[in-house]
Amino acid sequence: PGTEDGVMRSSWQGKAGRSPLQALYESDQFEQSSLQAVHQQRRELLSNVCSRYTRKRRLLRPDDLRHLVVDDTHGLLYCYVPKVACTNWKRVMMVLTGQGKYRDPLEIPANEAHVSSNLRTLSEYSIPEINHRLRSYLKFIFVREPFERLVSAYRNKFTRSYNTAFHKRYGTKIIRRHRQEPSDKALERGDDVRFEEFVYYLLDPRTQREEPFNEHWERVHSLCHPCIVHYDVVGKYETLAEDANYILQLAGADTNIKFPSSSKTTRTTDDMTAQFFQDISPFYQRRLFNLYKMDYLLFNYSIPSYLRIR
């Protein structure tokens, strides 16, 4: 299913051939700023990499749009990426779409932010409604250094005792396949997966043959389709506060709505990520880098200095 020209297409161009972003700028609401220039560069780089690496534009299916959260009040589409401040963004989206039900994002419990019925995604709309929103809403995404995000996902899902669902669902399978002579306890509980074993699991051809990657370690380009959906703003985890404020300003959100500032001391850093990769051989480092290479290219992250793949 698609529009008259046979595709369900996201376009930069609004009704008068202008993107939502251009229309905002031309209304003199914003001065030309260095932040605006940064976002222009990110969009251009993304567009260049897409044109270089994607031979044929495929059509979007409704199933591709399950990560795009819709705010019809402010005309926003947000593609959420797990381990890139997505809990806080979902909280903010609940405040924006909640008709006054929520006032402060931090008052919303984290688990409630992830209840799917609390936010609508683009996949729930009809084809004409989808096309209208892709054409005229402000579309944004937040990304993070790919290996830092991967280590963050590993730490959260495999080293925290409360994530028993992940241990049972993934941990037991990883240990069964990638550990020599595992104990009965490890096979049953799956709660002591080593990072090296997790890497073997990601690179095992059987893994993706059997089912798609879990969203916590799926590549951003597979979750959010940035070469088909033309995002107006690419926010980065590394510049989270200013990018978040920029988007809320563009959206015309109430000035009382603030993006929660992060105070976490447990967050995964570059140094910590480097430690996890110390025990991974150069052969597997290169293969893993190739697996996440498109995310590195699309979002302008350089090859980590700790990798031994040169």
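Residues numbered from 1 in each chain as written. Predicted model: local features only at pLDDT ≥ 70, side-chain atom pairs only at ≥ 80, totals over all residues. Heavy atoms only, no water.

Read from one edge to the other, the open sheet built from four strands follows the order 1-2-3-4, with strand pairing classed as mixed. The outermost strands of the open sheet, each flanked by one partner alone, are strand 1 (68–71) and strand 4 (233–236). Neighbour to neighbour, the strand axes of the sheet diverge by 25° on average, direction disregarded. Contacts between helix 3 (residues 86–97) and the sheet are confined to strand 1, strand 2 (76–79) and strand 3 (138–143), with strand 1 contributing the most and set at about 25° to the helix. (Pairing = 2+ DSSP bridges. Helix = DSSP H or I, 4+ residues; strand = E, 2+ residues; numbered from the N terminus. Axes fitted to C-alpha atoms, helices over the stretch in contact; angles between N-to-C directions. Contact = heavy atoms within 4.5 Å.)

Moving on to the nonpolar core. Judged by nonpolar contacts, the single largest core of 89 residues is most densely connected at W89, F198 and W217. Looking at this core, the element that brings in the most residues is helix 3, giving seven residues. Lining this core are residues from two domains, each supplying at least three of them: domain 1 (20–145 + 223–266) and domain 2 (147–216 + 269–299). Filtering out sequence-adjacent residues up to four positions away, W217 remains in contact with R149, L150, K157, F158, F166, Y170, F198, Y201, L202 and Y292. (Core = buried A, V, L, I, M, F, W, Y, C linked by side-chain atoms within 4.5 Å. Buried < 20%, exposed > 50% of the residue type's maximum accessible area, 1.4 Å probe, protein only. Domains from an automatic or database assignment.)

What follows concerns the state of the cysteines. Two cysteines joined by a covalent bond between their sulfur atoms form a disulfide. On inspection of all chains with the given rule, the structure shows two disulfides. Bridging C50 to C227, the disulfide has an S-S length of 2.0 Å. When the S-S torsion is -85°, as for the bridge of C50 with C227, the disulfide is left-handed. With a gap of 177 residues between them, C50 in helix 2 (residues 34–53) and C227 in the loop between helix 11 (220–224) and strand 4 connect regions that are remote in the sequence. (Disulfide = S-S within 2.5 Å.)

Under the definition given, this model contains 18 salt bridges. Residue D232 is joined to K139 by a salt bridge in which the shortest nitrogen-to-oxygen separation is 3.7 Å. With D232 in the loop between helix 11 and strand 4 and K139 in strand 3, this pair connects stretches of sequence that are 93 residues apart. Neither residue differs from the other here; D232 and K139 are each classed as buried. Across the salt bridge formed by E211 and R169, the nearest N and O atoms sit 2.7 Å from each other. Of this pair, E211 sits in the loop between helix 10 (205–210) and helix 11 while R169 sits in helix 7 (residues 164–178), and the two are 42 residues apart along the sequence. Salt bridges sharing partners connect three or more residues here, namely R169, K173, R177, E210 and E211. (Salt bridge = Lys/Arg side-chain N within 4 Å of Asp/Glu carboxyl O.)

With that settled, the discussion passes to the environment of V69. Inspection of the secondary structure puts V69 in strand 1. Counting along the chain gives 20 residues from V69 to W89, while the straight-line C-alpha distance between them is 10.0 Å. Setting aside residues no more than four positions away along its own chain, V69 makes contact with L76, L77, Y78, Y80, M93, L119, R120 and T121.

The next thing to look at is the packing of helix 7 against helix 9 (residues 195–203). One can describe the packing of helix 7 onto helix 9 by two numbers: an axis separation of 10 Å at closest approach and a directional angle of 85°. In terms of orientation, helix 7 and helix 9 fall into the roughly perpendicular class. Only E197, F198, Y200 and Y201 of helix 9 make contact with helix 7, whose side of the interface consists of Y170, K173, I174, I175 and H178. Here the contact of helix 7 with helix 9 is built from residues that sort into six nonpolar, one polar and two charged. (Parallel < 35°, antiparallel > 145°, perpendicular 65-115°, else oblique. Nonpolar A, V, L, I, M, F, W, Y, C, P; charged D, E, K, R; others polar.)

This paragraph deals with the packing of aromatic side chains. Within the structure shown, the criterion is met by 27 aromatic pairs. Across from the ring centre of Y80, 3.8 Å away, lies the NZ or CZ of K90, which sits over that ring. If you follow K236 out to its NZ or CZ, it ends over the ring of Y301, 4.2 Å from the centre. (Phe/Tyr/Trp six-rings, centres within 6.5 Å; stacked < 30°, edge-to-face > 60°. Lys NZ or Arg CZ within 6 Å of the ring centre and 35° of its normal.)

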